[in-house]
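Secondary and tertiary structure notes
One letter stands for each residue in the lines below.
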Amino acid sequence: MNPSLSPTLLTRDAPPRAAWALEQAGVSPLLARLFAARGVRSADELDAGLDKLLPPEGLKGIAAAAALLADAIQQGERICLVADYDCDGATACAVALRGLGLLGARPDTLHYVVPDRAIHGYGLTPAIVDLALPLQPQLLMTVDNGIASLAGVAHAKSLGLKVLVTDHHLPALVDEVVQLPAADALVNPSQPGCAFESKNLAGVGVAFYVLLAVRGELRRRGAFEGREQPRLDGLLDLVALGTVADVVRLDANNRRLVAQGLRRMRAGRMQPGVAALFTAAGRDAARANTFDLGFALGPRINAAGRLSDMTVGIECLLCEDPARALELARLLDTINRERREIEAGMREQAEAQLARLQTRLEQQTPPALVIFDEDFHEGVVGIVASRIKDAAHRPTFVLARGADGQLKGSGRSITGFHLRDALDLVSKRHPELLKKFGGHAMAAGCTLAEGGVETFRQAFTQVAAEWLDEASLQRTLRTDGPLPAEAFNAQTVQELESQVWGQAFEAPLFCDEVQIVAQRIVGERHLKLRVRQGGLLRDAIWFGHTDPVPEQARMAYRLSLDEYQGQQRVQMVVEAIV
């Protein structure tokens, strides 16, 4: 990779008064500094109590959605959910089905369909409406999709179906004007005119909020007289999983949802399918953290939608029999292993293409990357684009030929480059090039006209050259500065792992000057280090890195517990050395 892409290490600013206020409220000094550096100004923001969640009433359209579902439940109408083929969509589907059942919907009235990535594409298309028709639905409810499904909603309405859209994505633009589908009700914090304070709910979070509103509507109708109203907090393990896996911003409200879900997991009070996923992934649910959700459980659910059929993932999350749930979780684990093998091969080919390109350009990397191979698998292009984007720090599209023969691409971006807007400009400059496209700032997808790869590469790179300056193309890592020597212990690691970290509330990354005492390759792909930090010897490992490092270095690292034969040792996990 281009040496110029070595990151610049920047230290987060932790306002002393904010850190002091958090300490006065009982937060440990280290956590107080870390939280203050992430914008937390009062301990109230750290309160994960359910009573601190934003009220459902703030979501535009939620009253109409609640009435629609309450009517359907009380009248015994057949409800069909239209899910999505990623972890957010799968968890949202499971939350909605479980929640509607708790609220009184008869099992024989609840159904779902989920698109096949290779056949149907994304969202409530007319083809998906037709796929649902044999289930004889009276109400279609989308989860994690639908806000841009203008044709699909119109088709469903023309057939006499009621439609409820629940989503969190950006709406469609028609001639630069926002256009919403003509649904009977629509709940989405990203729709125009919605005053909900958190615009960052995942699809599963929106589904959970809709259920809260339905329960409130049924309560007002007297549906729970003489009995305790159903509890919905038992669904928060699923909400936490989908929220973290979808990499939405973990604002205060999302952190509360995730914290509540993690508490249930650690206490053993989770769905059988979630427990089975922990077992299949070899993770300890009693110590569940956001890393487990984002990098162990989430990818196993996602793998089903990438390579197989997402119904496997949804059925795992819906399963009540622990033995059957474990069978499904192990099947998902097998699919995920296949996904990793495919990804590894594609990534190797993509990196080889990039290396040849850098050689031609005398070790320079262009401002954007477009990589294509006839052998690439369309279900994995997004992951590979993300890996290349991280390594090269460039907006990246990876293209594959889909099962339908069309050229399909998935892109990932860097800060300061709005991917969907870039595709819009490419489309305007080359009207016949993009058959369709969509997405948002950091991730997007497109379908190209046959033979359009080179034109797309040139056009996309040209937009990046116009929009990105040298500073934008320099990779930076924001660190939390030095770790106090007295904090280098297992208790600190456990304290940090018990917190909710994630997108826009990143896990701590410390930075210290160190002396490299010894270095060796382990497992053929990782660099094991012995370093001297402040006069003390520490163990460190740099995963996926084999090049030797200088004797004196500035090292950015995370803390982890290395467990071997019942012994725990704190080690540094290296992110960068400069």
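For the structure given in this document, a descriptive report is provided here.

Definitions and limits used
- Residues numbered from 1 in each chain as written.
- Predicted model: local features only at pLDDT ≥ 70, side-chain atom pairs only at ≥ 80, totals over all residues.
- Heavy atoms only, no water.
- Axes fitted to C-alpha atoms, helices over the stretch in contact; angles between N-to-C directions.
- Helix = DSSP H or I, 4+ residues; strand = E, 2+ residues; numbered from the N terminus.
- Parallel < 35°, antiparallel > 145°, perpendicular 65-115°, else oblique.
- Left-handed = near helix turned anticlockwise from the far one by under 90°.
- Contact = heavy atoms within 4.5 Å.
- Pairing = 2+ DSSP bridges.
- Buried < 20%, exposed > 50% of the residue type's maximum accessible area, 1.4 Å probe, protein only.
- Expected span 1.5 Å × (residues − 1).
- Disulfide = S-S within 2.5 Å.
- Salt bridge = Lys/Arg side-chain N within 4 Å of Asp/Glu carboxyl O.
- Phe/Tyr/Trp six-rings, centres within 6.5 Å; stacked < 30°, edge-to-face > 60°.
- Lys NZ or Arg CZ within 6 Å of the ring centre and 35° of its normal.

**Brief notes about the packing of helix α12 (residues 311-318) against helix α13 (residues 322-360)**
Where α12 contacts α13, the two axes come as close as 9 Å, and the packing angle between them is 150 degrees. Considering their axes alone, α12 and α13 lie roughly antiparallel with respect to each other. At the point where α12 passes α13, the crossing takes the left-handed sense. For the pair α12 and α13, the contacting residues are V312, G313, E315 and C316 in the first and A325, L328, A329, L331 and L332 in the second.

**With respect to the environment of V384**
You can see V384 is positioned in helix α14 (residues 381-392). Taking C-alpha positions, V384 is 22 Å from T290, a pair spaced 94 residues apart along the chain.

**Re the sheet that holds strand β4 (residues 139-143)**
In spatial order, the strands read β3-β2-β4-β5-β8; together these 5 strands make up an open sheet with parallel pairing. Strands at the two margins of the open sheet, each flanked by one partner only, are β3 (110-113) and β8 (185-187). For this sheet, the mean inter-axis angle between neighbouring strands, taken without regard to orientation, is 20 degrees. Here strand β2 (residues 79-82) pairs with β4 via 4 bridges, running parallel. The residue of β4 that forms the bridge with L81 is M141.

**A few points about the sheet that holds strand β19 (residues 567-577)**
Pairing within the closed barrel is mixed, and its 5 strands lie in the order β15-β16-β17-β19-β18. Strand-to-strand twist of the sheet, defined as the mean angle between neighbouring strand axes without regard to direction, takes the value 45 degrees.

**A few points about the pairing of strand β17 (residues 536-542)**
Within β17, 5 of the 7 residues are buried, which leaves it mostly tucked inside the rest of the structure. One ladder, built from 7 bridges, connects strand β16 (residues 526-533) with β17; its direction is antiparallel. Directly across from R532, in β17, lies its bridge partner L537. Turn length for the β16-β17 hairpin, with the two strands adjacent in sequence and antiparallel, is 2 residues, and the turn residue G534 shows positive phi of about 55 degrees.

**Comments concerning helix α4 (residues 87-102)**
Taking 1.5 Å per residue as the helical rise, α4 with its 16 residues ought to reach 22 Å, and the 22 Å between its terminal C-alpha atoms agrees with that figure. With respect to burial, α4 is a largely interior element, 14 of its 16 residues being buried. G104 sits one or two positions beyond α4 and adopts a positive phi of about 115 degrees.

**Comments concerning the state of the cysteines**
Applying the stated criterion across every chain yields a total of 0 disulfides. The thiol of C93 is unpaired, and the distance to the nearest cysteine sulfur, on C80, comes to 8.7 Å.

**Comments concerning the pattern of salt bridges**
Scanning the entire structure with this criterion turns up 33 salt bridges. Ionic pairing is found between R569 and D562, a salt bridge with its closest N-O pair at 3.6 Å. Look at R569 and you get partly exposed, because its relative accessible area is 46%. Looking at D562, the relative accessible area reads 24%, which means it is partly exposed.

**A few points about the packing of aromatic side chains**
Going through the model one piece at a time under the given rule, you end up with 11 aromatic pairs. Where F397 meets F460, the ring centres are 5.3 Å apart and the plane angle is 90 degrees; that geometry is what we call edge-to-face. Note that F397 is positioned in strand β10 (residues 396-401) and F460 in helix α16 (residues 453-467), a separation of 63 residues in sequence. Take F397: its relative accessible area is 0%, and that puts it in the buried class. Here a set of aromatic residues connected by ring pairs shows up, and it is made of F397, F417, F456, F460 and W467. Over the ring of F505 we find R255; its NZ or CZ atom is 4.0 Å from the centre of that ring. The ring of F488 is capped by R538, whose NZ or CZ atom sits 3.9 Å from the centre of that ring.

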